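Read off the chains here:
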Amino acid sequence: RDLSDDNNAVVTYHNPIDNVTDLAHHFFARCLVADGGKGVVPYVVTKKTVFKWQEGFWVAMKEVFDAHYKDKYLAKGLLETVGGELPHLISD
């Protein structure tokens, strides 16, 4: 890539699968208190055509959600519009 500006930033990250549990706790806890404490529906999105490891990502996210957060989201009524489950969207 040609960097033509005087100032440039490159952002990369390494997110090994064993960090997904911590990511899930952070994500679900924040969604639960977003919008002034009302909470928002968390959506997990994976891309179907890129990495096979994303299935493990989804499984880990779902396990954390079900074990630690699902009841809290149900109590707030946040899963009523998504069938009572954590939404998983597959993007192209």
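Preceding block: the structure.
Throughout what follows, the structure given in this document is the object of discussion.

What counts, and where the lines are drawn
Residues numbered from 1 in each chain as written. Predicted model: local features only at pLDDT ≥ 70, side-chain atom pairs only at ≥ 80, totals over all residues. Heavy atoms only, no water. Helix = DSSP H or I, 4+ residues; strand = E, 2+ residues; numbered from the N terminus. Buried < 20%, exposed > 50% of the residue type's maximum accessible area, 1.4 Å probe, protein only. Contact = heavy atoms within 4.5 Å. Areas by Shrake-Rupley, 256 points an atom, 1.4 Å probe, with all protein chains shown as cover. Expected span 1.5 Å × (residues − 1). Arc of directions from axis to C-beta. Pairing = 2+ DSSP bridges. Bend = angle between axes of the 7 residues up to and from the residue.

**Focus on the overall build of the protein chain**
Item 1. Along its length, the protein chain carries two helices and two strands.
Item 2. For the protein chain, buried positions account for 27% of its 92 residues.
Item 3. A separation threshold of at least 6 residues defines the contact pool for the protein chain, and within that pool the share at least 24 residues apart is 68%.
Item 4. If you sum the accessible surface of the protein chain, you get close to 6700 Å²; carbon and sulfur atoms cover 52% of it.

**As for helix H1 (residues 20-33)**
Item 1. With 14 residues, H1 should cover 20 Å at 1.5 Å per step; its first-to-last C-alpha distance of 20 Å lies within 8% of that length.
Item 2. Considered for burial, the residues of H1 that qualify are Val20, Ala24, Phe28, Cys31 and Leu32. Projection of H1 onto a plane perpendicular to its axis shows the buried side chains occupying an angular sector of 100°, all on one side. Turned more than 90 degrees from where H1 packs its buried face, Asp22, Arg30 and Val33 sit exposed.
Item 3. Packed against the buried residues of H1 are strand E1 (44-47) and helix H2 (54-75).
Item 4. A positive phi of about 60° marks Asp35, the residue just after H1.

**Observations regarding the pairing of E1**
Item 1. Residue alternation in E1 divides its side chains into a buried set, Val44 and Thr46, and an unburied set, Val45 and Lys47.
Item 2. Here E1 pairs with strand E2 (residues 88-91) via four bridges, running parallel. By the bridge assignment for E2, Thr46 is matched with Ile90.

**Some points on H2**
Item 1. Its 22 residues place the ends of H2 29 Å apart at the C-alpha level, agreeing with the 32 Å of an ideal helix rising 1.5 Å per residue.
Item 2. The sharpest bend along H2 reaches about 65° and sits at Tyr69.
Item 3. Those residues of H2 that sit buried are Gln54, Phe57, Trp58, Ala60, Met61, Lys62, Val64, Phe65, Tyr69, Lys70 and Tyr73.
Item 4. Contacts made by the buried residues of H2 are with H1, E1 and E2.

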